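Observations on chain architecture
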Amino acid sequence: YLVWPTHRKIYCVGSRELLRRQAASPSATVHSSSCAASMFRSLSSASVILHSSLFITCSHSFASSFLSLGLSKTPLTFSAAHHGCTSIGDLSTLSPDRKMSHESTQVPLLESETLQDLVEYAVSFSAANGLQVQAPLVDDGKTGRPKKTYVTAPISLLPQSYPAHLFAKGIDLARPLNELVDKISRDGEFLKETLKDVRTVDEYTGKLLDFYEEIYLGERKGSDWGKHARQADRLGIQRSDYMLHQTAPGGEYALKQVELNTIASSFAGLASTVARLHWFLTQRMKSDGKLNEFLEENHKCVTRSDSCTAGGVDGVPDSPSMTQLPLAMSIAHERYCQRYMGSQDSSSVNFRPRVLFVVQPNETNTVDQRLFEFALWKNHQIPVVRMSLNEIFEKTKLDEDTGRLLIQSDHGATQEEVTVVYFRAGYAPSDYPSGYNIDDGSGVEWLARERLERSRSTKCPCLGYHLAGTKKVQQELARRNAVERFFPENVDNTAQQIRTVFAGLYSLGADATQQDIHAVRDVLFHGGEGRYVLKPQREGGGYNYYGKNLADKLRENCAIVENHVDEEKQVQLAAALSEFILMERLFPPQQRAILLRNGQVEGTGMTISELGCFGAIVATKDSEIVHNDYGGFLLRTKFSGVDEGGVASGFATLSSPYLC
């Protein structure tokens, strides 16, 4: 049993029920007895999470008992699996934000000495290889100026088992998905029709669509307004995220798409470094037999096979992100130079080509971005300039005659010309704090975005690519024959290949079908809130609705009409729901993991993972594909009861696959 001191309640986890009663004593301890261990073993890989909200969660086979329970962002863990329980002691001495030290943490199937060695290796490797994130700025006591310090990035200490054939499928889908995004970006009719309801309730998406119409479709402001942008090449660095999911109880796992990110697809640099760390740890310590039981137990969670192989790399594959993604950008850069800068004009000004990284002020994920920048210089000798949208508004100039985008300089004889604009910001309304009014010049971030987009520089992404990654477009693609619209010849069954990874996706707008309404009814009348996720048109993590919050959100925005003819309640969707989609909730296999944050053990317990496969594409104004390739991978791991999955937003950690 588990007793929480503040609320004096006992939570008991039984085979099929959750009982709650008032505690007679305010004392609080976590007991790890043979009886408790036997009880938890019966739950089949249960993970119990304690936190300030006093809720408990377990494996999804029992999820129906806990669907209405919320979870905190930084849980402490009390774990139980096939081999017993881990005690974390007296809860009165712990706070939800306190990290567990690796000296006191006990991990089933792993010796304490081995755990200490793993943590020491991980922290040292991180420092030696830049596997770090920037810590919050603090004032330097001597100078009074902000001081930058770096800490180990949030990581999983060991890799997670992953079926090799499904990992390969994610790689194979990178190229067709790249091509799909490019085709969507050029279909103005499709984008306008798909997003027409969203734009009326979501000002941010509406502004993007306004710019797209004016610049690329020539609407309202005339064809000259976007003439330079329409001549520009297009660069896409995308990441398709997947979860493993059982389509039938007891069946094999399948690969299902969570979302397709087309702007600021991050962590390619840090993820490739994590893969190298995990390769080192498994190679170095598996040879001593210290990790065998731990890895084999996780292996059983995802496949029925008895062996793990990865084509000679002993489980952890290499991620080519820091080769492939800079390569694609260099191709876009060189094409710009050949097209526009092959011979300098007769003026006395010397134009120096630069790649522009659009970043957020006070960015903390700088190391991941710098790894990309350093690789771009090391492999291709291409210099990078980093600027925020506000700085771009202040310090850049668009030549209306040529479309040249210049970074203004005090050196009159030398000007920096932007060849490629790479967005690592601009993907959320919070990146535009000055507001949406550009007519009076106050919305400076939007004015900067418009200036960038109207230039002849290659954008990564252009507005069409950005809009192609919205949740509403993802939902629309799941409609019958929607993908086939973009692959009419369907060579190599491309449309069918893409469709195999689609989960259930349902509209909540005016275009909702009976199938969409059926999903809403499942939530409202049949307790189905645990089978879906409610998603707005946002990136970055922390915006989705789950469980009770999902059901409440739908009830607040649905009118229930009694039908006396067939006695079936009718559901009418409010316009406010148009900015959301409803998605089938995926339940990936749970595996044991040890998660580190700030170089310390955050906890150990059962976790779930999400695979991201990067892709890169360069295309001309005439739809000719110059480059299209897979660009590496990312694996994110989080405790199994935590709903959201962003690393930068504090929900998940970086990991890597151990192929089986």
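A brief look at the structure comes next. (Residues numbered from 1 in each chain as written. Predicted model: local features only at pLDDT ≥ 70, side-chain atom pairs only at ≥ 80, totals over all residues. Heavy atoms only, no water.)

1. Quick notes on the packing of helix 7 (residues 203–216) against helix 14 (residues 444–454)
- The geometry of helix 7 relative to helix 14 is characterised by a closest axis approach of 11 Å and an angle of 35° between their N-to-C directions. Like other packed secondary-structure pairs, helix 7 and helix 14 cross with a definite hand, here right-handed. Residue-level contacts link Y204, K207, L208, F211, E214, I215 and Y216 of helix 7 to W446, R449, E450, E453 and R454 of helix 14.
- Considered class by class, the residues forming the contact of helix 7 with helix 14 number 6 nonpolar, no polar and 6 charged. (Axes fitted to C-alpha atoms, helices over the stretch in contact; angles between N-to-C directions. Helix = DSSP H or I, 4+ residues; strand = E, 2+ residues; numbered from the N terminus. Left-handed = near helix turned anticlockwise from the far one by under 90°. Contact = heavy atoms within 4.5 Å. Nonpolar A, V, L, I, M, F, W, Y, C, P; charged D, E, K, R; others polar.)

2. Digging into the state of the cysteines
- Under the defined criterion, the tally for this structure stands at 0 disulfides.
- Looking at the unpaired C301, the closest cysteine sulfur is the one in C660, lying at 10.0 Å.
- Left without a disulfide partner, C462 is nearest to the cysteine sulfur of C460, which lies 9.2 Å away. (Disulfide = S-S within 2.5 Å.)

3. Quick word on the pairing of strand 26 (residues 591–597)
- Within strand 26, 7 of the 7 residues are buried, which leaves it mostly tucked inside the rest of the structure.
- Pairing of strand 11 (residues 155–156) with strand 26 involves 2 bridges; the strand directions are antiparallel. In the strand pairing of strand 26, S156 is matched with L595.
- For strand 26 and strand 27 (residues 600–619), the ladder comprises 7 bridges, and the chain directions are antiparallel. Counted as the bridge partner of I594 is T604 from strand 27.
- Adjacent in sequence and paired antiparallel, strand 26 and strand 27 are bridged by 2 residues, among which N598 carries a positive phi angle near 60°. (Buried < 20%, exposed > 50% of the residue type's maximum accessible area, 1.4 Å probe, protein only. Pairing = 2+ DSSP bridges.)

4. Here's the deal with the sheet that holds strand 21 (residues 505–507)
- An order of 21-25-22 is seen for the 3 strands of this open sheet, with the pairing classed as antiparallel. The sheet terminates laterally at strand 21 and strand 22 (532–536), the two strands that pair on one side only. Within this sheet the neighbouring strands show an average axis-to-axis angle of 30°, counted without direction.
- As judged from the 5 bridges shared by strand 22 and strand 25 (residues 580–584), these two strands associate in the antiparallel manner. By the bridge assignment, L534 is partnered in strand 25 with L582.
- Taken strand by strand, helix 18 (residues 514–526) contacts strand 21, strand 22 and strand 25, and its axis lies near 100° from that of strand 21.

5. Quick notes on the packing of helix 2 (residues 112–129) against helix 9 (residues 268–286)
- Packing of helix 2 against helix 9 brings their axes to within 11 Å, and their N-to-C directions diverge by 145°. When you trace helix 2 past helix 9, the crossing you get is right-handed. Touching T114, D117, L118, Y121, A122, F125 and N129 of helix 2 are T273, R276, L277, F280, L281, R284 and M285, all from helix 9.

6. Quick notes on unusual backbone geometry
- C460 connects to P461 through a cis peptide bond whose omega is 5°.
- Although it is not a glycine, A264 adopts a positive phi angle of roughly 55°.
- Tracing the backbone through its elements, the reader meets A264 in the loop between strand 14 (253–261) and helix 9.
- Given the relative accessible area of 14%, A264 is considered buried.
- If you check the backbone angles, N481 has positive phi at about 70° while not being a glycine.
- In this fold, N481 is placed in the loop between helix 16 (471–477) and helix 17 (494–499).
- For N481, a relative accessible area of 48% puts it in the partly exposed group.

7. As for a negative patch on the surface
- Residues E111, E113, E293 and E296 make up a contiguous surface patch of negative charge.
- Positionally, E293 belongs in helix 10 (residues 292–302).
- Judged by its relative accessible area of 52%, E293 falls in the exposed class. (Patch = residues over 30% accessible without salt bridge, like charges linked within 9 Å, V, L, I, M, F, W, Y side chains within 5 Å. Areas by Shrake-Rupley, 256 points an atom, 1.4 Å probe, with all protein chains shown as cover. Salt bridge = Lys/Arg side-chain N within 4 Å of Asp/Glu carboxyl O. Lys, Arg positive; Asp, Glu negative; His and termini not counted. Charge placed at Lys NZ, Arg CZ, Asp CG, Glu CD.)

8. Describing the packing of aromatic side chains
- In the structure shown here, the tally under the stated rule is 16 aromatic pairs.
- Where Y506 meets Y532, the ring centres are 6.0 Å apart and the plane angle is 70°; that geometry is what we call edge-to-face. With Y506 in strand 21 and Y532 in strand 22, the pair connects residues that are 26 residues apart, well separated along the chain.
- Accessibility expressed as a relative area gives 15% for Y506, which makes it buried.
- Y532 gets classed as buried once you look at its relative accessible area, which sits at 9%.
- Linked through ring pairs, Y204, F211, Y432, Y436 and W446 together constitute an aromatic cluster.
- The ring of F423 has R449 sitting right over it, with the charged end atom 4.5 Å from the ring centre. (Phe/Tyr/Trp six-rings, centres within 6.5 Å; stacked < 30°, edge-to-face > 60°. Lys NZ or Arg CZ within 6 Å of the ring centre and 35° of its normal.)

9. A word on the pattern of salt bridges
- All chains considered together, the criterion is met by 38 salt bridges.
- Between R456 and E417 there is a salt bridge, with the nearest N and O atoms lying 2.8 Å from each other. Of this pair, R456 sits in the loop between helix 14 and strand 20 (458–460) while E417 sits in strand 19 (residues 414–423); the two residues are 39 residues apart in sequence, bridging distant segments of the chain. Residue R456 shares its accessibility class with E417, and that shared class is buried.

10. Examining the pairing of strand 27
- Counting buried residues in strand 27 gives 19 out of 20 residues, a clear majority hidden from the surface.
- Between strand 27 and the antiparallel strand that follows it, strand 28 (residues 625–639), lie 5 residues; S623 among them carries a positive phi value of about 75°.

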